[in-house]
Amino acid sequence: SDICPVVWTFHDMWPMTGRCAYSYDCDKYTDTCHDCPYLDTAKSVEFDSTMLLHKLKKNIFKRAEANIIAPSQWMEENVHESFFNTDNLYHIPNGIDTDFFSPADDQKTKKSYDIRNDSIVILVIANGLSNPRKGMKHLLSALSNIPQKENVSLLAVGSGSLPESM
């Protein structure tokens, strides 16, 4: 008998893959992980145990009656593609403290960051700005296509540095 309901918020893909927190372009987790193309990423390993780990997770987690919380639509879609029972899957975005994070005066904020008043500001926040998964290279490429007559400012917040421009 159940002691209490389980609520599990997925912050990465680890529960549904053989080892990856992010599967890149690999979709083997939708069936059975094997011959992992990313054994050298994150915590590199030499022996490919992804098939065994994926089967163990599938065997254990399929029987679990957990309520799964997907904080993003992307995560929700990945869970739907996986072996998890999606009857108890809920998309609930992460909450924020609206007393702390609230709209501010645009002009004062721009002035505090030395940004022109007429500038359009694009904010990007990432832990690891130089990490290819964060897409900064694509963002910089897109920004280079904006006509120079447009006044656009990029405000980047996070660790690391932006990749070299195109």
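Rules behind the numbers
- Residues numbered from 1 in each chain as written.
- Predicted model: local features only at pLDDT ≥ 70, side-chain atom pairs only at ≥ 80, totals over all residues.
- Heavy atoms only, no water.
- Pairing = 2+ DSSP bridges.
- Helix = DSSP H or I, 4+ residues; strand = E, 2+ residues; numbered from the N terminus.
- Right-handed = clockwise from strand over helix to strand, strands pointing away.
- Buried < 20%, exposed > 50% of the residue type's maximum accessible area, 1.4 Å probe, protein only.
- Arc of directions from axis to C-beta.
- Contact = heavy atoms within 4.5 Å.
- Patch = residues over 30% accessible without salt bridge, like charges linked within 9 Å, V, L, I, M, F, W, Y side chains within 5 Å.
- Areas by Shrake-Rupley, 256 points an atom, 1.4 Å probe, with all protein chains shown as cover.
- Salt bridge = Lys/Arg side-chain N within 4 Å of Asp/Glu carboxyl O.
- Lys, Arg positive; Asp, Glu negative; His and termini not counted.
- Charge placed at Lys NZ, Arg CZ, Asp CG, Glu CD.
- Axes fitted to C-alpha atoms, helices over the stretch in contact; angles between N-to-C directions.

Colleague: Is there a simple way to think about the pairing of strand S4 (residues 120-127) in this case?
Modeller: Side-chain direction in a regular strand flips from residue to residue, so the side chains alternate between the two faces of the sheet. Bridge count for S4 against strand S5 (residues 152-159) is eight bridges, and the pairing is parallel. Across the sheet, Asn127 pairs through a bridge with Ser159, a residue of S5. Handedness of the β-α-β unit built from S4, helix H4 (residues 136-144) and S5 comes out right-handed.

Colleague: I keep staring at helix H2 (residues 73-81) and nothing clicks. Help me out?
Modeller: Because the α-helix completes a turn every 3.6 residues, residues three or four places apart line up on one side. Buried residues of H2: Met75, Asn78 and Val79, and no others. Viewed end-on, H2 has its buried residues packed into an arc of 100°, placing them on one side of the element. Along H2, exposed side chains directed more than 90 degrees from the buried face belong to Gln73 and Glu77. In this structure, the buried side of H2 is in contact with strand S2 (66-70) and strand S3 (89-91).

Colleague: Honestly, unusual backbone geometry in this entry has me stumped. Any pointers?
Modeller: If a residue is not glycine, its phi is most likely negative; likewise, a peptide bond is most likely trans. For Tyr24, which is not a glycine, the phi torsion comes out positive at approximately 50°. With respect to the helices, strands and loops of the structure, Tyr24 is situated in the loop between strand S1 (6-9) and helix H1 (50-63).

Colleague: Help me out: how do you make sense of a negative patch on the surface in this one?
Modeller: Negative charge collects at one region of the surface, where Asp25, Asp27, Glu77 and Glu81 lie side by side. Turning to its location among the elements, Asp27 is positioned in the loop between S1 and H1. Asp27 sits in the exposed class, given a relative accessible area of 51%.

Colleague: Would you take a moment to explain the sheet that holds S3 for this structure?
Modeller: With respect to topology, three strands assemble into an open sheet ordered S1-S2-S3, the strand pairing being parallel. One side of each edge strand has no neighbouring strand; the edge strands of this open sheet are S1 and S3. Ignoring which end each strand starts from, the neighbouring axes of this sheet average 25° apart. Pairing of S1 with S2, which is carried by four bridges, proceeds in the parallel orientation. Note that in S2 the partner of Trp8 across the bridge is Ile68. Strands in contact with H2 are S2 and S3; relative to S3, the strand with the most contacts, it is inclined by about 165°.

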